[in-house]
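Given next are the chains, with one letter for each unit.
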Amino acid sequence: MRLDLTRIQPWIAPGSRVLDLGCGDGEFLHRLQAECQVRGMGLEIDPGQLTAAVSRGLNVVEQNMDEGLGNFPDQSFDTVVMAHALQAVHYPDRVLDEMLRIGREGIVTFPNFGHWRCRLYLGTRGRMPVSKFMPYSWYDTPNIHFCTVDDFEALCRSKGIRILDREMVGNTERRPLLAGAWPNLFAVTAIYRLSR
Amino acid sequence: MRHGATDTAGSVGIVTPQTARFDEPLMLACGRALAPYELVYETYGTLNATRSNAVLICHALSGHHHAAGYHSETDRKPGWWDEYIGPGKPIDSNRFFIVSLNNLGGCHGSTGPTAINPDTGKPWGPDFPPLRARDWVHSQARLADRLGISSWAAVIGGSLGGMQAMRWALEYPERVKHCVVIASAMKLSAQNIAFNEIARHAIQSDPDFAEGRYLEQGNLPAKGLGLARMVGHITYLSDDAMAAKFGRDLRSGTLERGGEDDVEFQVQSYLRYQGSQFSGSFDANTYILMTRALDYFDLAREYGDDPVAAFRHARCSFLVISFSTDWRFSPARSREIVDALIAADRPVTYAEIEANEGHDAFLMPIPRYRELFAAYMQRVGDA
């Protein structure tokens, strides 16, 4: 399983209600249901991924986050997760608000655009970074709202969102010392646990 | 029309309808009691030892019990949902015991307006009691009792059938584990009712209708019923589907000068064919009765008009499916169901299938629809 998802799991209480925004093929939610007995629900817009998640026995609703989440009642979930989708939504700030309206806590993961490799790529080549991790060209990418760790934390401050926990994933699976100390420069993936 | 979708899946083969007779009166929503009555039904697959694999199919406006397989070796067409019912198909007869009946008030063998009214010795005709979806659900529950089925693994229906499936979830929450609602709605819109009214008016305006007593007079309001079906059929298809199927193609004459014939455009010929086929195989009073049941269906009315309060009574999981070009029961109607289920904290899976076929898509072999349906039914069987 993806590293960011492994890090999230300890933050989710057994038996709690979890909404996974952009649940993909449901790998993470399925694992949470199997290992933590959560009551899970997923949102997904890709037809193939949705069917794959349904095949895992998950409850998944086809719904585009960009068209709002107003159909979910206030505080109806314990945790709302959005893994690697923040950079792909039209209004990341509104989605964050909605996550913390619907859930007691929100968990967000995103690729850190401030990573030194991105900076080096942009700084030396003067072109938008393309890598194994971010494989798209600027004109044809689902990722329309890249941000850095510092950008994200500034947004949380301006919105009065509390950061309960954060984890940084570096280049290697070893203890990410550099990413922990200077996340804006060394974190490949940032993981946040948020509340109001 | 076959997309080769069912190449690897089989047919349930030759099936024989059965009839269940009920003598105990059924109290109807209209306040009248009906007794005795008969329900004709078919079953596919085998009921397991724990009786936990039974699935009920609820039919739509013009449907009936013959949902899958063939009635004889020479039968040309299989049952109406053969694409989805059979060995290896989404509603897999290797796993499930599938029950499909003709609803009360129908005209394919179950007691309805064409049956003899025991009080008069004549066909019921227009005197057959008006029915609501809940009456069908209660009669289906009695059939379940008769078959020894205390709980359905799933109740499944498209269109009007989906309304029955939802009503099942509210009327008998402890007897439904999964509810599959396809191309349906919690209630009809004014536009839906308007189309049904045109259909009824067409039938009632036919001189051969004779206030509904056409059978006693040895007549059939074939023109009126055909016209009703023509109107209905347009609402089942999408603009795109009609454009793709017929376009502006002519059967005779030329676009420059027109023609001498009555039927010039291909779409005219198609509609007339559909109308005449239908009027030869369906009963006009049943059509009126079924469209009224549709018009009056309102899932949440008795729950303070609150669909969330209504669905809180359900105990099952839901699969809701809509089709992108369905304008009779549009995806927005299905979303209302899904939103109410979410707000009521019921487990729900929903997908809007891209399909050109309009409302009729629910009967068609569409790969994404089939895969999703099969994936969900896998879970129904595993439970």
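To keep things clear, this report deals only with the structure shown in the data block. Remember, it's a predicted structure, so these values are computed and weren't measured experimentally. (Residues numbered from 1 in each chain as written. Chains lettered and ligands numbered in written order. Predicted model: local features only at pLDDT ≥ 70, side-chain atom pairs only at ≥ 80, totals over all residues. Heavy atoms only, no water.)

Next up on the list: the pairing of strand 9 (residues 154-158) of chain B. Consecutive side chains of a regular strand alternate in pointing toward one face of the sheet and then the other. Residue and element names in this part refer to chain B. Within strand 9, 5 of the 5 residues are buried, which leaves it mostly tucked inside the rest of the structure. Every second residue of strand 9 is oriented toward a common face, with A154, I156 and G158 on one face and V155 and G157 on the other, all of them buried. As paired elements, strand 5 (residues 54-58) and strand 9 share 4 bridges and run parallel to each other. Looking across to strand 9, one finds that C58 is bridged to G157. Note on the crossover from strand 9 through helix 2 (residues 160-171) to strand 10 (residues 178-182): the handedness is right-handed. (Buried < 20%, exposed > 50% of the residue type's maximum accessible area, 1.4 Å probe, protein only. Helix = DSSP H or I, 4+ residues; strand = E, 2+ residues; numbered from the N terminus. Pairing = 2+ DSSP bridges. Right-handed = clockwise from strand over helix to strand, strands pointing away.)

A separate point is the pattern of salt bridges. It is possible for side chains bearing opposite charge to pair when their charged atoms get close. All names here are of chain A. Inspection of every chain in the model, using the stated rule, returns 28 salt bridges over all chains. One salt bridge connects R193 with E105, and the closest N-O pair in it is separated by 2.9 Å. Placement of R193 in strand 7 (residues 189-195) and of E105 in strand 5 (residues 103-111) is noted, with a sequence separation of 88 residues between them. Exposure class is identical for R193 and E105. Each is buried. (Salt bridge = Lys/Arg side-chain N within 4 Å of Asp/Glu carboxyl O.)

A word on the interface of chain A and chain B. Across the contact, 18 residues belong to chain A and 18 residues belong to chain B. Interface area lost by chain A to chain B is led by V54, N59 and E62 of chain A, which between them contribute 34%. For the pair chain A and chain B, the interface holds 3 salt bridges. One salt bridge in this structure joins E62 of chain A and R368 of chain B, with 2.9 Å as the shortest N-O distance. Where chain A packs against chain B, one counts 13 residue pairs in polar contact (both at pLDDT 80 or more). (Contact = heavy atoms within 4.5 Å. Buried area = accessible area lost by both parts, 1.4 Å probe. Polar contact = N/O pair within 3.5 Å; in protein donor to acceptor, adjacent residues only side chain to side chain.)

Moving on to the packing of helix 4 (residues 222-236) of chain B against helix 6 (residues 266-281) of chain B. Residue and element names in this part refer to chain B. Contact geometry of helix 4 with helix 6 gives a least axis separation of 8 Å together with a crossing angle of 125 degrees. In this view, helix 4 runs oblique relative to helix 6, as classed from their interaxial angle. In this structure, helix 4 meets helix 6 at a crossing whose hand is right-handed. Only Y270, L271, R272, Q274, G275, F278 and S279 of helix 6 make contact with helix 4, whose side of the interface consists of A222, L225, G226, R229, M230, H233 and I234. Considered class by class, the residues forming the contact of helix 4 with helix 6 number 7 nonpolar, 5 polar and 2 charged. (Axes fitted to C-alpha atoms, helices over the stretch in contact; angles between N-to-C directions. Parallel < 35°, antiparallel > 145°, perpendicular 65-115°, else oblique. Left-handed = near helix turned anticlockwise from the far one by under 90°. Nonpolar A, V, L, I, M, F, W, Y, C, P; charged D, E, K, R; others polar.)

Glancing now at the packing of aromatic side chains. All names here are of chain B. Tallied over the full model, the rule gives 26 aromatic pairs over all chains. Pairwise contacts between aromatic rings join W80, W81, Y84, F323, F362, Y369 and F373 into one cluster. Above the plane of the ring of F22 lies R146, whose end atom (NZ or CZ) is 4.2 Å from the centre. Sitting over the ring of F278, R229 keeps its end group 4.4 Å from the ring centre. (Phe/Tyr/Trp six-rings, centres within 6.5 Å; stacked < 30°, edge-to-face > 60°. Lys NZ or Arg CZ within 6 Å of the ring centre and 35° of its normal.)

The subject of this paragraph is the nonpolar core. Here is a general trend for soluble globular proteins: nonpolar side chains tend to be buried in one another's company. If you look at the biggest cluster of nonpolar residues, it comprises 112 residues, and the most contacted ones within it are L21 and F152 of chain A together with Y287, F311 and F318 of chain B. Not counting the four nearest positions on each side in its chain, F318 of chain B is found in contact with A169, C179, F311, L341, R346, P347, V348, T349 and Y376 of chain B. Counting 57 residues, the second-largest nonpolar core is a separate cluster that includes V54 and L58 of chain A together with I85 and I321 of chain B. (Core = buried A, V, L, I, M, F, W, Y, C linked by side-chain atoms within 4.5 Å.)

Once that is clear, we can look at the environment of A20 of chain B. All names here are of chain B. Tracing the backbone shows A20 in strand 1 (residues 18-22). Owing to a relative accessible area of 4%, A20 belongs among the buried residues under this scheme. C-alpha of A20 to C-alpha of S317: the two residues are 297 residues apart in sequence and 30 Å apart in space. The contact partners of A20, leaving out residues within four places of it in the chain, are Y37, E38, L39, Y41, L143 and R146.

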